[in-house]
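Listed below are the residues making up each chain.
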Amino acid sequence: MSEQRHVNFNPGPSTLPLPALERAQKEFLNYEGSGMSILEHSHRGPVYTAVHEQTIALLTELLSIPPTHQILFMQGGASSQFALLPMNLRTDSHAGDYIVTGTWAKKALAEAKVVGTPHVAWDGAADGTWTRVPKQDELDLSQNAPYVHITSNNTIMGTQFFDFPDTANVPLVADMSSDILWRPLDISKFGIIYAGAQKNMGPSGITVVIIRKDLLEQTRTDLPKIFRYREIAAANSLQNTIPTFPVYLVRNVLMWLKDEGGPAEIERRNRKKAALIYTAVDESGGFYRCPVEARSRSVMNPVFRLATPEMEKDFIAKAADAGMVGLKGHRSVGGIRASIYNAMPVAGVEQLATFMADYQKRA
Ligand SMILES: *Cc1c(COP(=O)(O)O)cnc(C)c1O
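Here the structure is a predicted model, which is why all the values come from computation and not from measurement. Chains are numbered independently. Their residues run from 1 in the order of the written sequence. Given that this is a predicted model, residues contribute local features only at a pLDDT of at least 70 and side-chain atom pairs are listed and counted only at 80 or more, while totals for whole chains, interfaces and linings are drawn from all residues. With hydrogens and water set aside, each side-chain value is computed from the structure's full complement of heavy atoms.

Notes on the pairing of strand 10 (residues 207-212)
And then number 1: Only protein chains enter the accessibility calculation, which uses a 1.4 Å probe; a residue whose area is less than 20% of its type maximum is buried, one above 50% is exposed, and one in between is partly exposed. By definition, any uninterrupted DSSP run of H or I lasting at least four residues is a helix, any uninterrupted run of E lasting at least two residues is a strand, and each is numbered from the N terminus. Counting buried positions along strand 10 yields 5 of 6 residues, so the element is predominantly enclosed.
And then number 2: Two strands qualify as a pair provided that DSSP identifies no fewer than 2 bridges between them. Sheet topology note: the strand 9 (residues 192-196)/strand 10 ladder contains 5 bridges and is antiparallel. Its bridge partner lying in strand 10, isoleucine 192 is registered against isoleucine 211.

Some details on the domain arrangement of the protein chain
And then number 1: Considered domain by domain, the protein chain is made up of domain 1 (21-259) and domain 2 (262-362).
And then number 2: An automatic or database domain assignment supplies the start and end points of every domain. One C-alpha centre belongs to domain 1, the other to domain 2, and the line joining them spans 27 Å.
And then number 3: Across the contact, 26 residues belong to domain 1 and 26 residues belong to domain 2.
And then number 4: Put simply, buried area is the surface a 1.4 Å probe can reach on two separate parts but cannot reach once they are joined, added for both. Note on domain 1 versus domain 2: buried area summed over both sides is about 2200 Å², and carbon and sulfur give 58% of it.
And then number 5: Three residues, Ile156, Gly158 and Trp182, lead the burial of domain 1 against domain 2; their summed loss comes to 25% of the area buried on that side.
And then number 6: Note on definitions: salt bridges are taken to be side-chain nitrogens of Lys or Arg within 4 Å of carboxyl oxygens of Asp or Glu. Counting across the interface, domain 1 meets domain 2 through 0 salt bridges.
And then number 7: Any pair of nitrogen or oxygen atoms within 3.5 Å is treated as a polar contact; in protein, a donor-acceptor pairing is required on top of that, and neighbouring residues in sequence qualify only through side-chain atoms on both sides. Run the count over domain 1 and domain 2 and you get 13 residue pairs in polar contact (both at pLDDT 80 or more).
And then number 8: When contributions to the side of domain 1 that touches domain 2 are tallied by element, the ones reaching two or more residues are strand 7 (159-160) and helix 7 (244-259). In what follows, residue pairs with any heavy atoms lying within 4.5 Å of each other are defined as contacts.

What about the pattern of salt bridges?
And then number 1: Taken as a whole and assessed by the stated rule, the structure comprises 18 salt bridges.
And then number 2: For the salt bridge of glutamate 267 with arginine 271, the shortest nitrogen-to-oxygen distance reads 2.9 Å. Of this pair, glutamate 267 and arginine 271 both sit in helix 8 (residues 262-282), 4 residues apart, roughly one helical turn.
And then number 3: According to the relative accessible area criterion, glutamate 267 is buried, its value standing at 18%.
And then number 4: Note on arginine 271: relative accessible area 39%, which makes it partly exposed.
And then number 5: Among the ionic pairs, aspartate 358 bridges to lysine 361, the shortest N-O distance being 3.8 Å. Of this pair, aspartate 358 and lysine 361 both sit in helix 10 (residues 346-362), separated by 3 residues, roughly a single helical turn.
And then number 6: One continuous salt-bridge network, built from bridges that share partners, spans Arg90, Asp92, Arg220 and Asp222.

A look at a nonpolar patch on the surface
And then number 1: Nonpolar side chains collect at one region of the surface, where Phe28, Leu29 and Leu39 lie side by side and expose about 310 Å² of accessible area between them.
And then number 2: Relative to the elements of secondary structure, leucine 29 occurs in the loop between helix 1 (18-27) and helix 2 (46-62). What makes a patch is a set of residues exposed beyond 30% relative accessible area and free of salt bridges, joined within 9 Å when like-charged and within 5 Å when nonpolar (Val, Leu, Ile, Met, Phe, Trp, Tyr). Here the Shrake-Rupley method, with its probe set to 1.4 Å, supplies the accessible areas, and only the displayed protein chains count as covering residues.

Details of the nonpolar core
And then number 1: Of all hydrophobic cores here, the largest spans 53 residues; its most connected members are Leu59, Leu63, Phe73, Ile180, Leu181, Met201 and Ile210.
And then number 2: Take this core: its biggest share by element is 9 residues, from helix 7. Here, nonpolar core refers to any group of buried Ala, Val, Leu, Ile, Met, Phe, Trp, Tyr and Cys residues whose side-chain atoms link them within 4.5 Å.

Side note on the packing of aromatic side chains
Note on aromatic pairs: each is described by the distance of the centres and the angle between the planes.
And then number 1: Pairing of aromatic rings covers Phe, Tyr and the six-membered ring of Trp, with a centre-to-centre limit of 6.5 Å; geometry is then stacked below 30 degrees between planes, edge-to-face above 60, and tilted otherwise. If you walk through the whole model with that rule in mind, you get 16 aromatic pairs.
And then number 2: Residues phenylalanine 82 and tryptophan 104 carry aromatic rings whose centres are separated by 6.4 Å and whose planes lie at 45 degrees to one another, so their mutual orientation is tilted. Pair noted here: phenylalanine 82 is in helix 3 (residues 77-89) and tryptophan 104 is in helix 4 (residues 103-115), with a separation of 22 residues, a long-range link.
And then number 3: Given a relative accessible area of 3%, phenylalanine 82 falls into the buried group.
And then number 4: You can call tryptophan 104 partly exposed: its relative accessible area is 24%.
And then number 5: Ring centres 6.3 Å apart and planes at 70 degrees place the aromatic pair phenylalanine 82 and tyrosine 194 in the edge-to-face group. Of this pair, phenylalanine 82 sits in helix 3 while tyrosine 194 sits in strand 9; the two residues are 112 residues apart in sequence, bridging distant segments of the chain.
And then number 6: Aromatic rings pair up to connect Phe287, Tyr288, Phe304, Phe315, Phe355 and Tyr359 into one cluster.

Quick notes on the pairing of strand 8 (residues 172-175)
When a strand is regular, its side chains alternate between the sheet's two faces.
And then number 1: The side-chain alternation of strand 8 yields two buried faces, one formed by Leu172 and Ala174 and the other by Val173 and Asp175.
And then number 2: Looking at chain direction, strand 8 and strand 9 are connected through 3 bridges and run parallel. Each bridged residue has a counterpart across the sheet, and for valine 173 the counterpart in strand 9 is isoleucine 192.

Details of the environment of aspartate 140
And then number 1: Note on placement: aspartate 140 falls in the loop between strand 4 (119-123) and strand 5 (148-151).
And then number 2: Judged by its relative accessible area of 44%, aspartate 140 is partly exposed.
And then number 3: Excluding residues that lie within four positions of it along the chain, aspartate 140 makes contacts with Asp97, His119, Val120 and Ala121.

Concerning the side chain of arginine 337
And then number 1: Along the chain, the position of arginine 337 falls in strand 13 (residues 336-337).
And then number 2: Despite its burial, arginine 337 remains without a salt bridge, the nearest opposite charge being carried by aspartate 175 at 12 Å.
And then number 3: Here threonine 155 takes part through its backbone oxygen, which lies 2.7 Å from a polar atom of the side chain of arginine 337.
And then number 4: Not counting chain neighbours up to four residues away, the residues in contact with arginine 337 comprise Phe9, Pro11, Thr155, Ile156, Asn301, Pro302, Val303, Gly326, Leu327, Lys328, Gly329 and His330. The charged-residue count follows a simple rule in which Lys and Arg add positive charge and Asp and Glu add negative charge, with His and chain termini not counted at all.

Looking at helix 9 (residues 309-321)
Three or four residues apart is the spacing at which side chains of an α-helix point the same way, because the helix has 3.6 residues per turn.
And then number 1: A helix's residues, less one, multiplied by 1.5 Å, set its expected span. Taking 1.5 Å of rise per residue, the 13 residues of helix 9 would be expected to cover 18 Å, and the 19 Å separating its terminal C-alpha atoms lies within 8% of that figure.
And then number 2: Listed in full, the buried residues belonging to helix 9 are Glu312, Phe315 and Ala319. Across the axial projection of helix 9, the buried residues extend over an arc of 60 degrees, all falling on one side. Facing away from the buried side of helix 9 by more than 90 degrees, the exposed set consists of Glu310, Lys313 and Asp321.
And then number 3: Packed against the buried residues of helix 9 are strand 11 (303-304), strand 12 (324-325), strand 13 and helix 10. For this quantity, the arc is that covered by the directions from the helix axis to the C-beta atoms.

Laid out in structure tokens, this is it:
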């Protein structure tokens, strides 16, 4: 039993901005005097339509999305995009270049293999366990790839791209599930961006896809209509019943982000939060160590280790006693991971950094 809300470092679903939750609570039973909850409105009626359009407008504004690109809302999470991307955009001979920087990228590659012939342009597991992202001159890009796929932030490994690969005329596709909206972004560099909402943007249940409109024309038609990007775009994501409540909650999160000053201000805070943790690690004299190469250290999911798995277990338990939860690293890699997405306040990370110093003193 906890009277207070925890400092929640869960990797996803993850902490949401309190004002976005409070707005939902306040509006829950009777949305804007409409006589019913937003949950009870038709997905084709005027009340939900306004929420849908407002969510698109806020995303367009916050990410400066140019008229060359369109926003889609889809279901099935980022994992479904692993399959839908090659299903829609593969050619008969090529199912995309894949830059494999972690578990999620590997899963995306595996799905492309089910439907076609992808090419591995780089795989960081060859030099260990994905402790960095590649440099441009390490990439083995094909001439005839329909797209190049990256995972912009590797949620499990704690690595992140800060500069994106130059793919010349080949469209760059990014899985931004764990770092969309962490800073201002130049959308024109991307053919497709997709992101499950449940890390940096809202609850689980909805996936945002931002697609360059000319790519819609190139998508294949030898797949069921419900899976075609072009049909979803033509229907403004309303080809069937959309999960209306997740879209509504994303809207609330975007309203919060705008009120806080938008991506430029949130980037300043995110960099401050990450610096608090990495400084605590680097100044611990080796008590804590980060396995990730300095240039690739994630601003969203810093990971670090203690001397033994037993100490890590003890650290996680004592942090939980102090109200800080969700710090266990992914089961495939162990260690500690502090997921510090946009909604994590600076004060929450300050509390963790202080705890790290105190824990070391007591150990
Ligand atoms: C969490 C995550 C996924 C999986 O998302 P689902 O919505 O559960 O399918 C994919 N890619 C990245 C980078 C993630 O962080």
